[in-house]
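What the coordinates show
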Amino acid sequence: MDTLVERPTQLSSRQRKVKQKSELEEAFESANTAEEMLKAFKDMESAFDETELGLASLKLGLKLDQEGEDPERTLSFANRALKALDKDGKPSLSIAMTLQVMGSANYSLKRFNDSLGYLNRANRILGRLEEEGFSSEGVMPVLHAVQLELANVKMAMGRREEALGNLRKCLEIKEVTFEKDSRELGKANRDLAEAYVAVLNFKEALPYCMKALEIHKKQLGQNSVEVAHDRRLLGVIYTGLEEHEKALEQNELSQKVLKNWGLSSDLLRAKIDAANMQIALGKYDSAIDTLNGVVQQMDKDSETRAMVFISVAKALCHQEKFADTKRCLEIACVILGKKETTSPVEVAEAYSEISMQYETMNEFETAISLLKRTLALLEKLPQEQHSEGSVSARIGWLLLLTGKVPQAIPYLESAVERLKESFGPKHFGVGYIYNNLGAAYLELDRPQSAAQMFAVAKDIMDVSLGPHHADSIEACQNLSKAYGGMGSYALAIEFQQQVIDAWESHGSSADDELREAHRLLEQLKKKAHGASSNDLPVRALPLPHTSVSSRSSQPDVPVVRKLSSIN
């Protein structure tokens, strides 16, 4: 009978281990949730060594990073993956993916420098793989993820101009990857437009927003939510370009779609945008009527209600109804004071806007106090370094304006460092701050320091605004003043002549400025043997107002206001 019974095959110890590993791998691969993957991975740890667990560690890290709930745990698995995979020094797609996960986890933990290091290495590896002929289908999705993460990290570090380069690369990758006029390309164009709006570069933002609108209209129709969002952003861009009629037109089209879709919160924000556009057009009563209708639909203590009162105050301020303006601003401040902990960025943005209105009413002490509250909120948020710089610059300028020169200097010095890191050393805003530092040093009888600051300011403004821009000319005038204060009359006269040449290019519209420049030149020549140059006015330039928020939905319109003498 034994010959008729099939005996079970006896597996060797090695075969049993192979089978066990195969079953454990299958269980891990079939897991769908992070919890299931973690359980399967734990079972694998007893049968596999660390090197064999490399790819499983990477897959688990990717899953945890996708869910985004536990970046520390994500990082621990990514570290294990990197140790297992990165042993021979050869570039591979799996190593690049692991580094991308590590960069993402460190970003979530606000370890921005660490994140940048991992992402830059991932980017270099992907570049080498492309050079070696690795399949673009494998490289492109990972490269897109790395570039997008680089943009996020650089935005958080305040290096916004650099981040724009990464976002442009993201768009280029999508243009290669997706079909022409696909919805993905529409969203990518709008994302890039929003990024340009965030740095107040409305001219560059416009074509990307128009492209997004064109794609979404073609793919989704005129009445889609995506088209409404595109139009709302287009309204913001036109506002930034001071084309307020076009802005209002886009806003009204957006509102119709949002109303049809029943998107009440988006609709209310669009109405607030519309009111601000009406204010820009001088339609103050219409704006107040719009806002009165909106405020009735708001929760009593909502941040949006505070923003409505700020906009009402702006309209009233333009009508010189200052008592009513202050009442509205006080209501807004009470609401915002309750939200400082939960919504610090939004509250900081609102305080900055309120301070501008007090500044308009010549209530400088109140404006400075509010800006200091803004700064206290922003200093706790490393990703808001650019906003911190802008607010410090405004505080410094207001302190100069009110004669508190020694107090102004630390704020201006802090501002220039932060804005250089955020926008680059040649950004026009950096030039304004250097000019104001020069004015401050000259007030403190430090003409050599003043001349250094004015020279840097002039160089930046000549590049960013052009040498014939009014503010560039004022920076040159200030440089002449500084050299005069040092007794370097040959240089003072040389720069004063540059001032004259620049005003002459403006024609008859600058006759008064040209006469004054000639008077100062003659004065310098007469006093070239040691006379005082204190009659020359030093100009402190207010930094153009910019939004302190990193969000791009409602940026402030940049305004270069009339120059104010600190003498």
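Refer to the structure printed above.
Residues numbered from 1 in each chain as written. Predicted model: local features only at pLDDT ≥ 70, side-chain atom pairs only at ≥ 80, totals over all residues. Heavy atoms only, no water.

**Points about the packing of helix α15 (residues 303-318) against helix α17 (residues 344-360)**
Spelled out, the test is: Helix axes use the C-alpha atoms of the stretch in contact, all axes being lines fitted to C-alpha atoms, and the angles between their N-to-C directions lie in the range 0 to 180 degrees. Numbering of helices and strands runs from the N terminus; a helix is a DSSP stretch of H or I covering at least four residues, while a strand is a stretch of E covering at least two. Roughly parallel means an angle under 35 degrees; roughly antiparallel, over 145; roughly perpendicular, 65 to 115; everything else is oblique. By the definition used in this description, the sense in which the near helix is turned from the far one sets the handedness, with an anticlockwise turn below a right angle giving left-handed and a clockwise turn giving right-handed. In what follows, residue pairs with any heavy atoms lying within 4.5 Å of each other are defined as contacts. When residue character is reported, Ala, Val, Leu, Ile, Met, Phe, Trp, Tyr, Cys and Pro are called nonpolar, Asp, Glu, Lys and Arg charged, and the others, Gly included, polar.
It is at 11 Å that the axes of α15 and α17 come closest, and there the two elements cross at 15°. The angle between the axes of α15 and α17 places the two elements in the roughly parallel class. As α15 packs across α17, the resulting crossing turns out to be left-handed. Contacts from Glu-303, Met-307, Ile-310, Ala-313, Lys-314 and Cys-317 in α15 reach Glu-346, Ala-350, Glu-353, Ile-354, Gln-357 and Thr-360 in α17. Broken down by class, the residue content of the contact of α15 with α17 amounts to six nonpolar, two polar and four charged.

**Digging into a negative patch on the surface**
Put simply, the rule reads: Patches were defined on residues exceeding 30% relative accessible area and lacking a salt bridge, with like-charge contacts within 9 Å and nonpolar side-chain contacts (Val, Leu, Ile, Met, Phe, Trp, Tyr) within 5 Å. For the accessible areas, the method is Shrake-Rupley and the probe is 1.4 Å, while residue cover comes only from the protein chains on display. Take a side-chain nitrogen of Lys or Arg and a carboxyl oxygen of Asp or Glu: if they are within 4 Å of each other, that pair is a salt bridge. Just so you know, the count uses Lys and Arg for positive and Asp and Glu for negative, and it drops His and the chain ends. By convention, the charge on Lys lies at NZ, on Arg at CZ, on Asp at CG and on Glu at CD. When accessible area is computed with a 1.4 Å probe and restricted to protein chains, residues below 20% of their type maximum are described as buried, those above 50% as exposed, and intermediate ones as partly exposed.
A contiguous patch of negative charge on the surface is contributed by Glu-35, Glu-36, Glu-67, Glu-69 and Asp-70. Mapped onto the elements of the fold, Glu-67 is located in helix α3 (residues 54-67). Classification of Glu-67 by relative accessible area gives partly exposed; the value is 36%.

**Things to note about the nonpolar core**
In a soluble, globular protein the nonpolar side chains are often hidden away together inside. Threshold: We call a set of buried Ala, Val, Leu, Ile, Met, Phe, Trp, Tyr and Cys residues a nonpolar core when their side-chain atoms join them within 4.5 Å.
Core analysis: the biggest nonpolar cluster contains 115 residues, and Val-308, Leu-336, Tyr-351, Ile-354 and Tyr-434 have the highest contact counts within it. Considering each element in turn, this core owes the most residues, nine residues, to α15. Apart from the residues lying within four places of it in its own chain, the contact partners of Val-308 are Ile-272, Leu-291, Val-294, Val-295 and Met-298. Judged by nonpolar contacts, the second largest core, of 29 residues, contains Leu-58, Leu-93, Met-102 and Val-153.

**Thoughts on unusual backbone geometry**
A positive phi angle, near 65°, is found at Asp-181, a position not held by glycine. Along the chain, Asp-181 falls in the loop between α8 (160-177) and α9 (183-198). With a phi close to 60°, Asp-445 is a non-glycine residue in the positive phi region. With respect to the element layout, Asp-445 can be found in the loop between α21 (428-443) and α22 (447-464). For Asp-445, a relative accessible area of 65% gives the class exposed.

**Some details on the packing of aromatic side chains**
Definition in use: Under the pairing criterion, centres of Phe, Tyr and Trp rings, with the six-membered ring standing for Trp, must be within 6.5 Å; the plane angle then separates stacked pairs below 30 degrees from edge-to-face pairs above 60, leaving the rest tilted.
What the rule picks out here adds up to five aromatic pairs. Taking the centre distance of 6.2 Å and the plane angle of 80° together, the rings of Phe-428 and Tyr-432 count as edge-to-face. Highlighted residues: Phe-428 and Tyr-432, both in helix α21, separated by four residues, approximately one helical turn. For Phe-428, a relative accessible area of 26% gives the class partly exposed. Ring centres of Tyr-483 and Phe-495 lie 5.8 Å apart, and the angle between their planes is 5°; this geometry places the pair in the stacked category. Placement of Tyr-483 in helix α23 (residues 470-486) and of Phe-495 in helix α24 (residues 489-504) is noted, with a sequence separation of twelve residues between them.

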